[in-house]
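Structural description and commentary
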Amino acid sequence: MNQHAILHIPDSRYCFASGEKELVLRLRMAREDEEAEVSLIHACKYDFAIKRRQEKMNICYSDRLYHYYEIKLQLEDVRLAYIFQIEEKGNIYYYSEDGITKTYNFEEGFYNFFQMPYINTNDIMEVVEWMRSAVFYQIFVDRFYQGDCEKDTKYITMQWGDIPTPKSFAGGDIKGIIKKLDYIKDLGVNAIYLTPIFESVSNHKYDISDYKKVDSQFGTMEDAKELVAKAHEKGIRIIFDAVFNHCSMKMTEFQDVLSNGKKSAYYNWFLIDGEYPDPEKMNYECFATCNYMPKLNTADQGVQDFLIEIALYWIRETDIDGWRLDVSDEVSHEFWRRFRREVKAEKKDCVIIGENWHDAYPYLMGDQYDSIMNYSFTKACLDYFARETFSAKEMAEKLSGNLMRNTEQVNFMMLNLIDSHDTHRFFTEVSKDKDKLLCALALEIIVPGAPCIYYGTEICMEGGYDPDSRRCFNWKQENWDREVMRTIKELTALRADSVLQYGKVNLREEDEMLCVERIWEERKIVLYINLSKREKQVSLSEDQKVMSSHRYDRELENNGFLVVMGQEI
């Protein structure tokens, strides 16, 4: 037995409350030890010596190196003590705070058992309920649709549909989004994530000069209010983009520091090496290497007060439903903890989604974000569908490993995406293969988390890296592939099923196909994806409903997906 691989950490992603009297426990073991039988021995910590229960644990997830055993306990007493029993080749071992031992003294267990001392209700991370059924649509505002034909258009520097440059403006605005809300709703979308709409000199608005003003290119405060109100009438949530890591050098406070240096009341709002900030010398910290985007010092109380007031202002003024946090992993943990407390106090079901491209567990322990933009899912999809460097088995292992980074609640709220304004277009990455695009979208819909469709994916928009990934939406319907759009609508409709909103997930390879199984209560939904280069058979009963990217007739074609529904357990 590979003892070095065995891992359990109390009060962590390996031990967390999912309800007031509900606890999830996980144990990691090496894959080569899969024949081992694992049991959980547990009791109230005050009764551990005399009233113990033993329950079998099953392998629920597997990645390239490890199996993860998991059990969900319904507790009567929330003061839990527990150890693990591992039986391998006729030998019994115990795993406690002392590590692996051949014997265990239950009478003195209070010295070294694992414990969840007490489940305090205010420590339980709650799922934002509407996220369970959410289907997001990300809009890069300047490139979606121009709805205001009376505004000053002198700033527009490109014809609609031209290939964009880093500094070109196309004219999309908030009124354009309002006019297309019925189109968006018809896609099956019930949440919109907008790139920034606040005053800025750029087309992307990630260098903000006034956080309380809607940029005139996009509209007015009244337009923003109207968008949220009309979206809500149609059952669509609206998420704004919080750029709190950095600002524009044109922001009033930074301009004051440029003029007055250390004498400025705002000097400590920024991170400056010297008496004055010098844009040519770049003696202050910035976003990336952009001297026009000075970094905000979120450890400063004044900056914290300023930014949190902005977050609350937009919730109060427009009733938005959440914040996406730009460059969130470069902002202090202390700030995000305060941000969460105050935002959730203002609007409890306001979702908080970080832009962290990597394992973000330190931010996802219930005291900062609800979830992140799931770029690890994006990369896995590129490796499987575009690069074809993953087999079905390796894809299942990668996705399982990603799930084990976080708690169950976080996994249900992850923003799953295959592309965004910061990546190449996925359709281009798969060499314009519509079947692969639909397979990836099917996977995005079926796995735990909220799928996010980047504007134009439904019409197979192409694009390379920024700014090419930010092309104008093609509203000429004669150029749309109606069959692709129909399939996407069928997929988004699946999100209304409670199996996908609450169900456990099992990821595996089956006859060279990726198989994703979701189970809830007495039903399950199963997705099969076939990239094997050969047709594959899937066994079905007569009463089972299916949907597929191809016409399914007992065999699943290469680069096809099949969703099997209505299976009773």
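See above for the structure.
Here we summarise the structure given alongside this text.

1. Regarding the nonpolar core
Counting residues in hydrophobic clusters, the biggest one holds 153 residues, and the most contacted among them are Phe136, Tyr137, Trp323, Phe339, Phe385 and Leu443. Membership of the second largest hydrophobic core comes to 27 residues, among which are Tyr69, Leu73, Leu75 and Phe114.

2. Quick look at the packing of aromatic side chains
Describing an aromatic ring pair means giving the distance of the ring centres and the angle of the ring planes. For the structure shown, the criterion picks out 49 aromatic pairs. Between Tyr183 and Trp475, the aromatic rings sit 5.2 Å apart at their centres with planes inclined by 75 degrees, giving edge-to-face as the arrangement. One end of the pair, Tyr183, is in helix α2 (residues 181-186); the other, Trp475, is in the loop between β21 (450-454) and α12 (482-493), and 292 residues separate them in sequence. Like Trp475, Tyr183 is buried. Ring plane angle 75 degrees and centroid distance 6.1 Å describe the contact between Phe198 and Phe240, whose orientation is recorded as edge-to-face. With a gap of 42 residues between them, Phe198 in strand β12 (residues 198-200) and Phe240 in strand β14 (residues 237-242) connect regions that are remote in the sequence. With respect to class, Phe198 is no different from Phe240; both count as buried. Cation over ring: Lys180 sits above Tyr145, and NZ or CZ is 4.5 Å from the ring centre.

3. Section: the side chain of Thr378
With respect to the helices and strands, the residue Thr378 is situated in helix α7 (residues 375-386). Within the local environment of Thr378, its side chain forms a polar contact with the backbone oxygen of Leu417, the two atoms lying 2.7 Å apart. If sequence neighbours within four positions are ignored, Thr378 has contacts with Leu417, Ile418 and Asp419.

4. Some remarks on a negative patch on the surface
Together, Glu521, Glu522, Asp543 and Glu568 line one region of the surface with negative charge. Structurally, Asp543 can be placed in the loop between β25 (536-537) and β26 (545-548). Judged by relative accessible area, which is 60%, Asp543 ranks as exposed.

5. Section: the sheet that holds strand β19 (residues 371-374)
Taken in spatial order, the eight strands close into a barrel running β10-β11-β14-β17-β18-β19-β20-β21, and their pairing is parallel. Ignoring strand direction, the axes of neighbouring strands in this sheet form an average angle of 25 degrees. Where strand β17 (residues 322-325) lies against strand β18 (residues 351-354), four bridges are found, and the strand directions are parallel. Along β18, the bridge assignment pairs Leu325 with Gly354. In the packing of α7 onto the sheet, contacts are made with β19 and β20 (415-417), and the angle to β19 comes to roughly 25 degrees. Packed on one face of the sheet, helix α11 (residues 434-446) meets β20 and β21 and runs near 145 degrees to β21.

6. What about the side chain of Asp215?
By secondary structure assignment, the location of Asp215 is in the loop between β13 (208-214) and α3 (221-233). Setting aside chain neighbours within four positions, we find Asp215 in contact with Ile197, Phe198, Glu199, Ser200 and Lys205.

7. Brief notes about the pattern of salt bridges
Applying the stated rule across the entire model yields 52 salt bridges. Asp367 is paired through a salt bridge with Arg337; the nearest N and O atoms lie 2.8 Å apart. Of this pair, Asp367 sits in the loop between β18 and β19 while Arg337 sits in helix α6 (residues 333-346), placing them 30 residues apart in sequence. By sharing partners, the salt bridges in this structure join Arg237, Asp319, Asp321, Lys347 and Asp349 into a single network.

8. Quick word on the environment of Cys15
Along the chain, Cys15 turns up in strand β1 (residues 15-19). Counting along the chain gives 289 residues from Cys15 to Gln304, while the straight-line C-alpha distance between them is 32 Å. Residue contacts for Cys15: discarding those within four places in its chain leaves His8, Ile9, Pro10, Leu23, Val24, Leu25, Tyr82 and Met116.

9. Comments concerning the packing of α11 against α12
As a packed pair, α11 and α12 sit with axes 10 Å apart at the nearest point and diverge in direction by 10 degrees. Overall, the two elements α11 and α12 adopt an arrangement that is roughly parallel. Counting all contacts with α11, which are made through Lys434, Leu438, Leu441, Ala442 and Ile445, the residues of α12 involved are Val484, Thr487, Ile488, Leu491 and Thr492. Considering only residue class, the contact of α11 with α12 consists of seven nonpolar, two polar and one charged.

10. Brief notes about α3
For α3, spanning 13 residues, the distance from its first C-alpha to its last is 18 Å, which sits close to the expected 18 Å at 1.5 Å a residue. Every buried residue of α3 is accounted for by Met221, Asp223, Ala224, Leu227, Val228 and Ala231. End-on, the buried residues of α3 take up no more than an arc of 165 degrees, which puts them together on one face. Facing away from the buried surface of α3 by more than 90 degrees, the exposed residues are Glu222 and Glu233. The elements touched by buried residues of α3 are α1 (174-179), α2, β11 (191-194), β13, β14 and α5 (301-318). Downstream of α3 by a residue or two, Gly235 has a phi angle that is positive, lying close to 80 degrees.

11. Quick word on the state of the cysteines
Counting across every chain of the model gives zero disulfides. The thiol of Cys15 is unpaired, and the distance to the nearest cysteine sulfur, on Cys44, comes to 15 Å. The cysteine Cys60 is free of any disulfide, with Cys515 supplying the nearest cysteine sulfur at 15 Å. Given the relative accessible area of 15%, Cys60 is considered buried.

Calculation rules
- The residue count restarts for each chain, going from 1 along the sequence in the order it is written.
- Only residues with pLDDT of 70 or above have their local features reported here, since the model is predicted, and side-chain atom pairs are shown and tallied only from 80 upward, although totals for entire chains, interfaces and linings are computed over all residues.
- The basis for the side-chain values is all heavy atoms of the structure; hydrogens and waters are excluded.
- The nonpolar core is taken to be a set of buried Ala, Val, Leu, Ile, Met, Phe, Trp, Tyr and Cys residues, with the residues joined through side-chain atoms within 4.5 Å.
- Each residue is assigned to one of three classes by its accessible area relative to the maximum for its type, calculated with a 1.4 Å probe on protein chains only: buried under 20%, partly exposed between the two thresholds, exposed over 50%.
- Under the pairing criterion, centres of Phe, Tyr and Trp rings, with the six-membered ring standing for Trp, must be within 6.5 Å; the plane angle then separates stacked pairs below 30 degrees from edge-to-face pairs above 60, leaving the rest tilted.
- Secondary structure follows DSSP: runs of H or I at least 4 residues long count as helices, runs of E at least 2 residues long count as strands, and numbering of each begins at the N terminus.
- Whether a charge lies above a ring is judged from NZ of Lys or CZ of Arg, which has to be within 6 Å of the ring centre and within 35 degrees of the ring normal.
- Pairs of N or O atoms are called polar contacts if they sit within 3.5 Å, as long as, within protein, a hydrogen donor faces a hydrogen acceptor (for residues adjacent in sequence, only side-chain-to-side-chain pairs).
- The contact rule is simple, with two residues in contact once any of their heavy atoms fall within 4.5 Å.
- Surface patches are defined over residues having more than 30% relative accessible area and no salt bridge, joining like charges when they lie within 9 Å and nonpolar side chains (Val, Leu, Ile, Met, Phe, Trp, Tyr) when within 5 Å.
- Calculation of accessible area relied on Shrake-Rupley with a 1.4 Å probe; when residues are assessed, cover is drawn exclusively from the protein chains displayed.
- Here a salt bridge means any side-chain nitrogen of Lys or Arg lying within 4 Å of a carboxyl oxygen belonging to Asp or Glu.
- None of His or the chain ends enter the tally, which takes Lys and Arg as positive and Asp and Glu as negative.
- Throughout, a charge is located at the NZ atom of Lys, the CZ atom of Arg, the CG atom of Asp or the CD atom of Glu.
- For two strands to be treated as a pair, DSSP must find at least two bridges joining them.
- Every angle, taken between N-to-C directions, lies between 0 and 180 degrees, and every axis is a line fitted to C-alpha atoms, over only the stretch in contact when it is a helix.
- Orientation labels follow simple angle bins: below 35 degrees gives roughly parallel, above 145 gives roughly antiparallel, 65 to 115 gives roughly perpendicular, and whatever is left gives oblique.
- Each residue is assigned to one class: nonpolar for Ala, Val, Leu, Ile, Met, Phe, Trp, Tyr, Cys and Pro, charged for Asp, Glu, Lys and Arg, and polar for all the others, Gly among them.
- Expected helix span is given by 1.5 Å per residue-to-residue step, counting one fewer step than there are residues.
- What the arc measures is the spread of directions leading from the helix axis to the C-beta atoms.
- Two cysteine sulfurs form a disulfide in these notes if their separation is within 2.5 Å.

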